[in-house]
Amino acid sequence: MMVLSSLVNLVLDPLLIFGVGDWQGWGLPGAAWATAIAFSVGLLVTTRKLLKRQWASQLGLWIEAKQSWRPFTGIAAPAMVSQLMPPLAAMLAISVVAGLGESEVAAWGLASRLETLSLMVILAMTMSLPPWLGRCYGAGDWGQIQQLMRLAVKVALVWQLSLGVLLALGAPWLAMALAGNPEVQNELALLIRFLLPSYAALGVCMLVVSAGNALGWPLRAMLLSSARLFVCYLPCLWLGSQFFGWWGLAAGAAIGNLLAGLMAWQVMRRILSRPHRQAGFVN
C-alpha cells in the first residue's frame, strides 16, 4: 500500500501541479490534492482487506483489551509516538521550505515522493527484520541478532548508497522527467544530488529504530527517532536555509541524515556489545 500510494502520488503530482496540454494545473493546491487522492486510494484498498479478513471486528474486543492492555501499551505507546513524529517534522520542514518560494515547495514535494520510492528496500527490511529479531531475542540468541543487524546495515549502506549515487548522476534527466517547469527542475536536481545518497545513513537509522522495537527497547527507539528528527535533521535543514538558501537547505538535510545514521549505529553497537542486557533494564 505504501508503494501503491507513492506511485499514485508521483504520477498525480506533476499532472495536478503543472497541468496537461492547455490546462495549467492548480499549482501548489495540486500537490495537496495529489497527496489526498493517493492516500485515499490506499485507505480504500486497505479498509476493504481489513473488513474481508474480519480484522476490524469488535467481537471479543473488551476481553482482549483487559488481558493485554498493559504489555500492549508498554510496546505500542512509544512506537506510536515514534510514528507520529515524522509527520510533525515534515510539517516543520515544509514550513521552512515555504519561506523560500512556491517552486521550492513543488521541488520538495517531488523529492519527498522520490524518497519513499528510493527507500522501498529499507522499508521492506524494517517490516521483515523485526519478526526474525524477536524470535532470536526470545531464544536469547544474541550472536544471531548481531549477525542479522550487521547484514541489514551492510545491505542498507551498499544498496542505498549505490542507488543514491546513480540517481544523483542522472539528477538533471530525472528532474526533467518529473517536472515541466525549468526552475523546479533545477531545484529538484539539486535536492536529488544531496538527499538521495544521504538516504544510506537514513536507512541505517530506520533499521535501528525498527530493531529497537523488536528487541524490547521501544523507549530507546522513540528517543532515537526524536533525536534524528529534532536534533539532527530539522536544525541542520533550518540552519542551512538561513545561511545559504536553497543550496544550504539541501546540504543541511543531507548532513542531518548522515548524523542520524552515525548516531543510530553507535547506539546499536553499544547495545549489542552487552548481550546480557534484558529489555526491562534498558527501559
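Given the structure is predicted, the values throughout are model-derived calculations rather than measurements. (Residues numbered from 1 in each chain as written. Predicted model: local features only at pLDDT ≥ 70, side-chain atom pairs only at ≥ 80, totals over all residues. Heavy atoms only, no water.)

## Points about helix α5 (residues 120–139)
For an α-helix the count is 3.6 residues per turn, leaving residues at separations of three or four pointing the same way. End to end, α5 covers 30 Å across 20 residues, agreeing with the expected 28 Å (1.5 Å per residue, within 8%). When α5 is considered as a whole, its buried residues turn out to be Ile122, Leu123, Met125, Thr126, Leu129, Pro130, Leu133 and Cys136. Of the residues one or two after α5, Gly140 is the one with positive phi, at around 70°. (Helix = DSSP H or I, 4+ residues; strand = E, 2+ residues; numbered from the N terminus. Expected span 1.5 Å × (residues − 1). Buried < 20%, exposed > 50% of the residue type's maximum accessible area, 1.4 Å probe, protein only.)

## Topic: the confidence of the model for the protein
Across the protein, the average pLDDT comes to 87, with 96% of residues at or above 70. The least confident element of the protein is helix α10 (residues 279–282), whose mean pLDDT is 38; the most confident is helix α2 (residues 28–53), at 92. Low pLDDT, under 50, characterises residues 277–283; the predicted model gives this stretch 16 contacts beyond four residues in sequence or across chains. (pLDDT = per-residue confidence, 0-100. Contact = heavy atoms within 4.5 Å.)

## Quick notes on the packing of helix α6 (residues 142–169) against helix α8 (residues 182–214)
Two elements in contact, α6 and α8, have axes separated by 8 Å at closest approach and are oriented at 165°. If you check the angle between α6 and α8, you find them roughly antiparallel. Crossing of α6 over α8 shows right-handed handedness. Across the interface between the two elements, Met149, Ala152, Val153, Ala156, Leu157, Gln160, Leu161, Gly164, Val165, Leu167 and Ala168 of α6 pack against Ile192, Arg193, Leu196, Pro197, Tyr199, Ala200, Val204, Leu207 and Ala211 of α8. For the contact of α6 with α8, a count of residues per class yields 17 nonpolar, two polar and one charged. (Axes fitted to C-alpha atoms, helices over the stretch in contact; angles between N-to-C directions. Parallel < 35°, antiparallel > 145°, perpendicular 65-115°, else oblique. Left-handed = near helix turned anticlockwise from the far one by under 90°. Nonpolar A, V, L, I, M, F, W, Y, C, P; charged D, E, K, R; others polar.)

## Notes on unusual backbone geometry
The phi torsion at Gln54 lies on the positive side, around 65°, for a residue other than glycine. Its location among the elements puts Gln54 in the loop between α2 and α3 (61–98).

## Concerning the environment of Leu51
Within the secondary structure layout, Leu51 lies in helix α2. Residue classification places Leu51 among the exposed residues on the basis of a relative accessible area of 57%. Separated by 44 residues in sequence, Leu51 and Ser95 have C-alpha atoms that sit 37 Å apart.

## Quick look at the environment of Ala254
If you trace the backbone, Ala254 turns up in helix α9 (residues 218–272). With relative accessibility at 11%, the residue Ala254 sits in the buried group. Residues Ala254 and Arg193, 61 residues apart in the sequence, show an inter-C-alpha distance of 9.6 Å. Apart from residues lying up to four places away in sequence, Ala254 is in contact with Phe194, Leu195 and Ser198.

## A short note on the packing of helix α1 (residues 2–18) against α2
Where α1 meets α2, the axes come as close as 8 Å, and the angle between the chain directions of the two elements is 155°. Relative to α2, the element α1 lies roughly antiparallel. Considering the relative orientation of α1 and α2, their crossing is right-handed. Residues Leu4, Ser5, Val8, Asn9, Leu12, Asp13, Leu16 and Ile17 of α1 form the contact with α2, whose participating residues are Gly30, Ala31, Trp33, Ala34, Thr35, Ile37, Ala38, Phe39, Val41 and Gly42. For the contact of α1 with α2, the class distribution of residues is 12 nonpolar, five polar and one charged.

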